[in-house]
2 protein chains.
Amino acid sequence: MKTLLQVDFPYQGPMGKEMVSQMRALAESINEEPGMVWKIWTQNEQTAEAGGIYLFEDEASARAYLEKHSARLAAWGIGPVNGKLFAVNGPLSTINRAPL
Amino acid sequence: MKTLLQVDFPYQGPMGKEMVSQMRALAESINEEPGMVWKIWTQNEQTAEAGGIYLFEDEASARAYLEKHSARLAAWGIGPVNGKLFAVNGPLSTINRAPL
C-alpha cells in the first residue's frame, strides 16, 4: 500500500537556489531509492526548518528510507528529525484532487 | 508562492472506509476553501494519528485554513495539532518528480 513519509528538522543551511546547488546530487540519488515515487522539498526560512514529503510504494521502503535519511542527517549534525509514516485515505484524497 | 501545509494530530476515530463516510462532507467543503489546490488525507492506525498534507496557492490562504481547521479540531476535542507551513523548493522537487 502506498505510504506517505513526512519529515522535518531544524535547518540553518542555505535555502532556495543555493540549496539546489548543494543538494542536486542528493536529489538525484533519492530517485534511485527503492520504492520512491516522488518527493516535495520543503523549507521555511522564518522557522529555520526544512524537510520533505515523500510518497513510497509501500511501508517497508518508506521506513527503510527514513532510517537511512535520519542517519545521514545525524552525520551532518542535523536533528532532531521529526519523521512520520502514514497510510493514505484514498477516497477522501480523491475528492480533494490529491496527486497520487 | 505555493505553500505546503503539513498537519497531524492524535486521532482515535475510525479510519479507512468508515472515515470516508464520516468525512465526505468535510472533504467536499475543503474544496471550497480559498487557495486550496489539493489535500492528501493521512492516517496511521498503529500510532493513532491522522492528518493531511495540503498544497495552497499562497502562504496567507494556508495560514488562514490552518487556523480554521485547528479551531474545528479543538471543538471536536482533538489536539494538540501539529501544523507547519513550508515553502516548496521547486527545482529540487522537480528532480524528484513532485506533483506540483
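Parameters and conventions
- Residues numbered from 1 in each chain as written.
- Chains lettered and ligands numbered in written order.
- Predicted model: local features only at pLDDT ≥ 70, side-chain atom pairs only at ≥ 80, totals over all residues.
- Heavy atoms only, no water.
- Helix = DSSP H or I, 4+ residues; strand = E, 2+ residues; numbered from the N terminus.
- Rg over C-alpha atoms; globule rule 2.2 N^0.38 Å.
- Buried < 20%, exposed > 50% of the residue type's maximum accessible area, 1.4 Å probe, protein only.
- Contact = heavy atoms within 4.5 Å.
- Least-squares fit on C-alpha atoms with pLDDT ≥ 70 in both.

If you look chain A up in an unreviewed UniProt entry, it shows as Monooxygenase from Ferrimonas sediminicola.

A.B. asks: Sorry if this is basic, but what is going on with the overall build of chain A here?
C.D. replies: Each helix and strand in chain A was counted, giving three helices and four strands. Listed by position from the N terminus, the elements making up chain A come as β-α-β-β-α-β-α. What you see for chain A is a C-alpha radius of gyration of 14 Å, in line with the 13 Å of a compact globule of 100 residues. Expressed along its principal axes, the backbone C-alpha trace of chain A runs to roughly 40 × 25 × 25 Å. Within chain A, buried positions represent 51% of all 100 residues. Sequence-distant contacts in chain A: of pairs separated by 6 or more residues, those separated by 24 or more amount to 65%.

A.B. asks: In this structure, what is going on with the relation of the copies chain A and chain B? I would like to understand it.
C.D. replies: Expressed as a screw transformation, the operator carrying chain A onto chain B has a rotation angle of 180° and an axial translation of 0.0 Å, and the superposed copies differ by an RMSD of 0.0 Å. Here the symmetry operator amounts to a two-fold rotation axis. Identified as the residue of chain A closest to the rotation axis by C-alpha distance is Pro99 of chain A, at 3.0 Å. When you check the interface residues of chain A against chain B, 100% turn up at the interface there too, and the contact is symmetric in its surfaces.

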